[in-house]
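Architecture at a glance
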Amino acid sequence: MTQIFPRWFDPLARFAIVGGALLVPAAAIAIGIFYRSSYVTAAHAPTEQTVPFSHAHHVGQLGIDCRYCHTTVESAAFAGIPPTETCMHCHEQIWVGAETLAPVRESWKSGTPLRWQRVHSLPGFVYFNHSIHVAKGVGCAECHGRVDRMPLTWQEKPLTMAWCLECHRDPAEHLRPRGEVFNLAWARTDADSPGKELAERYRVKDSRALTSCSTCHR
Amino acid sequence: MTELSDNALTLDADAVYPNPRDAGESLDRRHFLAVAGASAALASAAGCSPRPASHGEIVPYVRDAEGLSPGAALTFATAMELNGAAIGLLATSREGRPTKLEGNPDHVGSLGSSDLFSQAAILGLYDPDRSKQILHRGAPASWTDARAALRAIVELERKRQGAGIRILSGRSTSPTLATLRRDLLDRFPQARWICCEPCGRDAAWEGSRQAFGEPVHAVHDFSKADVVLSLDCDFLACQPGSVRAQRDFADRRRVRTQGGVTPERMNRLYVVESMLSVAGANADHRLAVKPSTVEAFGRALAAELGIAGAAERGTLTEEALAWLAPLAADLKKQKGHSLVLVGDSHPPSLHALGHAMNHALGNVGATIRFTEWFESAVDGNAALRDLANELASSAVSLVLILDSNPIYTAPADIAFAEALSKVPHSVHLGLYRDETAAACQWHIPEKHFLESWGDVRGHDGTVVLQQPLIEPLYGGRSTIELLTALFEVEERSDREAVRQYWRGQHGDNESFDDWWRDSVQRGTIPDTALPEKKVHWAGWKEGAATPAEPQFEIQFLADPTLFDGRFANNAWLQELPKPVTKLTWDNAAIVSPATAAQLGLSQRPDHHGGHHGGIETDVVELRSNGRTVRAPVLILPGHADGAVTVHLGHGRTRAGSVGTGVGFDAYRLRTAAPGFTGVEIAKTGEWMTLACTQSHHSMEGRDPVQQTTAAEFARDPHFIKPELDKAAEKAAVTALPPVGSTTPPPAAQRERRLFPLSMYPEWSYTGRQWGMAIDLSTCTGCSACVVACQAENNIPVVGKDQVIRSREMHWIRIDRYAKDGRQLFQPVPCQQCENAPCEYVCPVGATVHSHDGLNDMTYNRCVGTRYCSNNCPYKVRRFNFLAFADFSTEALKPQRNPEVTVRSRGVMEKCTYCVQRIRGAEIASEVSGSAIADGAIQTACQQACPSQAIRFGDVNERGSVVQKWKSEPHNYSLLGELNTRPRTTYLAAIRNPNPAMPGGQHQTSHLSDLSPLGRGWFASAASKPGEGL
């Protein structure tokens, strides 16, 4: 019977055994890292908008509260994107001729809505609700990052399910006093109640309830 | 839908397996592999980009819409009218698009419940087949042109006082429309307006006129009726006020040991009918007789009750004769607390006799209240025949056909189409370009009731307001608007017309706006129920009885889901298994087993080509008065012998893409004489497959329904769970036959286990734990819940071919069981088992338990192995074998509930107790800090249920209604012996037979030998071909 494999094949086979054991997990890890990278999740990539609205200016410099524009963040699933009317509250009086605001004035005059590019997008089968997170003491910055420092808005966090579950499995560390929810610059100090105490006070559900599938998927 | 899905499949296959012929003529193996490899790589590279697709846009309002917050639902009151009575509704609206209709708790005709027609109406609104364009002789025309042209004709007619104007409409209870009609006829005294319904209540109208000298409307109070006798009146479905009737009737059947109805107080229902109806299926005693015999029975009973008149006992069977004395005795015993009802398909003489019996039994003023007849006008087929003659005689220059389809529905002996073609100017106003639209010169699209203002009356006369939920999707005009545009100086909107009428009624101009706003918000106008009318009892004047037909009789009934055909293009209603026959996507000539045997007709399960859920059945030719129609046969045990029942509303030729050509058109046999007539039935030798769900999702005869009688229950409320001790149970379990044994264990050994058999320690269910109880005593099988669930949960339709493959997607099904003429209905949604067999076989964890006891189904995780469905003993899981959900028709998308994922192909789905409602309520309660009250969360099925047979709530909450129901002794788990510990439990069906009646003694308490009708049907049909059963 003739040999199927020539002699020079031996070192190759040996390498395959050792190398395979290393390469396969390495590839798995690489794929894992790749799919969580901001290349895939689009985190940190500023989104081009028709009107280059700057949160850094409006929130960071002028100190406008989140809820001035995102009016339903405390009462509904959707935080709300302001109608043109909200922009015009101020821009009827200031920066009235600014080039960048031309689409806003046009929208106000013609009655055609502005079209904003969505920055944070969850799949259709995820039923995220802003109001409950705000009510339980999850600060805006927790998911949206320091919006007050973003000249053009970008997505700060990966918005993967693993990232959601990080908090849903152990929410305590991500909670803050309700009064500080809209304070983007808030950082826990020693004087603040620890997260566990807040979780108890706000009756945050246990991780079993928070990780039930139907909590987010329906 | 099916075709679309198949196309989708083909397309996908093309992408994955490239067609070798594309690669050139001289294709060798090597070349083919290279091309295939490259294209597969390309395809995967294109299809699997890891980068997120464009995030899309957010388009905010320019100005904030008042009271509207994006994503949050608002509720508005409105109403739907059908067959002479309206039901008040609450419409859920999201960003201005209505998505769901519920009953209005403030309306007496609804009390928060609804029926299958109102549940399905939301789909009708978005129907892409609705008419979108004004047409003149088939060509598009503008409203300005149409109005100018028609007004010119009206102006010409003005000189002749409208002698050439005829209007044909359906009946309406709208006071505004009645006023418009009166004004119009004042100004055009020679014009005529005929209000005619194909499945209307002419006989009841005429019957009351015969009895009292003037037409009166009867309002029945079932809450006070101890004994109800229905002479072929399906008062639990299709009748005006049936939603309220179901509630009041059920309130007298909710038998409980603590609170509620005691077994002694339970009401009793006798039904004498031909076709098995919803009422008949819920009867304590039911007698099946030929349609013409119903009147003979009524006369004999009247004689027994002491009403003067000749009793014709000659035509009655032994069984019917045996009914008379005990029935009369029971009715007499409950004088003033009984009710006699007569069906609309029976002649006026029987209705008059019904009034006589109610009068003799002292029910008038007690269980029956009479009011004015509040439909604006009631014209029968005689008026329609006159109209046809006038149209044909060229005396008419303009005919308006408003929201009515006479070309399709007119009696076969009136040549309406021919007459209509002779009229110089004909106008059709309708939702669809239907048969009549095609026959008229002008067609004007109509506004849907959810796009219009209106006022309509409920079954007791209470006015309910219709308000538009959305701008007309396809333009269009309402009846009111068309009439004002053609006949008044100024065209008025329906809003103005309705407001103006009520401003006049209200009287006070100052407070009108506030009063109007309140009324619109509430939906009903208070104190508009019609006052009781004192009737003068003229005495029973005997007329000629309907002669019995020689051989076979045919009865024409409105379809249980399509009604008179107006809902034919509603796919939900087409696919809804009809409450009693469980037939979908067809109608049939329904006959009894004996009649089928006599005629040599048979049906058998259809077992070829993947079809395992259809019935292959004989096609017959029905001949009546020289007309013939071919129809498939459906053999229905419980149907009267010597008679055949056909449902109208099918066989449309221009219904739309869904309804055209479905079933056969029974109107082609029906003459101006209503109800029933003689028929010849001839076997054709052809076969046809019907999509009947009776045999689908069978639980294989494992005692799914428990039932008893009121008397038995009073004696032994614990009849389901005999007190076993642990040792006895262990012995019983050990004595079970080995696995694989074909002999079922004796009934005693199949009792529910008292101790769960588990290796694991008991799981403690703390906090809120959801559960459901379903009362089988009050479930009437009406199927409103099935449509409600479909609307709430974005459940797709699959089409006839897929139903034949048992692939219908309804999350809640209503199983029907029959034995010895007794019927039982059992709604089966997911049982939310605590030990769920589906969960531990899912390889990807797509179905797992939630913290609050729900059996969650995570669609985005499902890979479609279907192990869960195979392991589910209740067969409540539904699989998307194809892309059943319509992702391409834009018009249908706004209807979908945004709170529920639209499932795609390859995904399993099922009921999760409307988890979106639960989570929504939980979030609202936690944000606001208020507790969730018991009953505040209603599942869609529960909310729709007219008899309130379904109760959902927290089983851990002390004093919650669901906990009370579950603590009743007759509460049991379905297939509880499997130790699945379902969260949905059932209260055994309790019936109240009269021991004095024939068969009353023999109604056994345990129906352990009940088997699904389908099995019995098919087994015997297959073994004895040619005999039918």
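What you are looking at is a predicted structure, and each value in this text was computed from that prediction instead of being measured.

1. Observations concerning a nonpolar patch on the surface
Residue and element names in this part refer to chain A. Judged by side-chain polarity, I31, F34, Y35 and Y39 come together as a nonpolar surface patch covering roughly 400 Å² of accessible area. With respect to the helices and strands, Y39 occurs in helix α2 (residues 38-41). The exposure class assigned to Y39 is partly exposed, which follows from its relative accessible area of 44%.

2. Here we look at the sheet that holds strand β10 (residues 227-231) of chain B
Residues and elements named next belong to chain B. Strand order in this open sheet of 4 strands is β12-β11-β10-β13, and the pairing throughout is parallel. The open sheet has two edge strands, β12 (285-288) and β13 (338-342), and neither has a second partner. If you compare each strand with its neighbour and ignore which way they point, the axes differ by 10 degrees on average. Where strand β11 (residues 268-273) lies against β12, 4 bridges are found, and the strand directions are parallel. Across the sheet, residue Y270 finds its bridge partner in β12, namely H285. Lying over the sheet, helix α10 (residues 318-333) contacts β10, β11, β12 and β13, oriented at roughly 145 degrees with respect to β11. Helix α11 (residues 348-360) contacts β10 and β13 of the sheet and is inclined by roughly 175 degrees relative to β13.

3. Things to note about unusual backbone geometry
All names here are of chain A. A positive phi angle is found at W95, which is not glycine, with a value near 55 degrees. Structurally, W95 is set in the loop between α5 (84-91) and α6 (102-110). Residue W95 is classed as exposed on the basis of its relative accessible area of 59%.

4. A look at the sheet that holds strand β3 (residues 85-94) of chain B
Residues and elements named next belong to chain B. With antiparallel pairing, 3 strands are arranged side by side in an open sheet as β2-β3-β4. The sheet is open, and its two borders are formed by β2 (73-82) and β4 (97-103), each paired with just one other strand. On average, each strand axis in the sheet is inclined to that of its neighbour by 35 degrees, with strand direction left out of account. The pairing of β3 with β4 spans 6 bridges and is classified as antiparallel.

5. Section: the packing of aromatic side chains
Residues and elements named next belong to chain B. Scanning the entire structure with this criterion turns up 21 aromatic pairs over all chains. Consider the rings of F222 and F235, whose centres lie 4.8 Å apart with planes at 10 degrees: the pair is stacked. One end of the pair, F222, is in the loop between β9 (216-220) and β10; the other, F235, is in the loop between β10 and α7 (242-251), with 13 residues separating them in the sequence. Taking relative accessible area as the criterion, F235 reaches 4% and is therefore assigned buried. Site record: aromatic cluster; members linked through ring pairs are W453, Y501, W502, F512, W515 and W516.

What counts and how
Residues numbered from 1 in each chain as written. Chains lettered and ligands numbered in written order. Predicted model: local features only at pLDDT ≥ 70, side-chain atom pairs only at ≥ 80, totals over all residues. Heavy atoms only, no water. Patch = residues over 30% accessible without salt bridge, like charges linked within 9 Å, V, L, I, M, F, W, Y side chains within 5 Å. Areas by Shrake-Rupley, 256 points an atom, 1.4 Å probe, with all protein chains shown as cover. Salt bridge = Lys/Arg side-chain N within 4 Å of Asp/Glu carboxyl O. Helix = DSSP H or I, 4+ residues; strand = E, 2+ residues; numbered from the N terminus. Buried < 20%, exposed > 50% of the residue type's maximum accessible area, 1.4 Å probe, protein only. Pairing = 2+ DSSP bridges. Axes fitted to C-alpha atoms, helices over the stretch in contact; angles between N-to-C directions. Contact = heavy atoms within 4.5 Å. Phe/Tyr/Trp six-rings, centres within 6.5 Å; stacked < 30°, edge-to-face > 60°.

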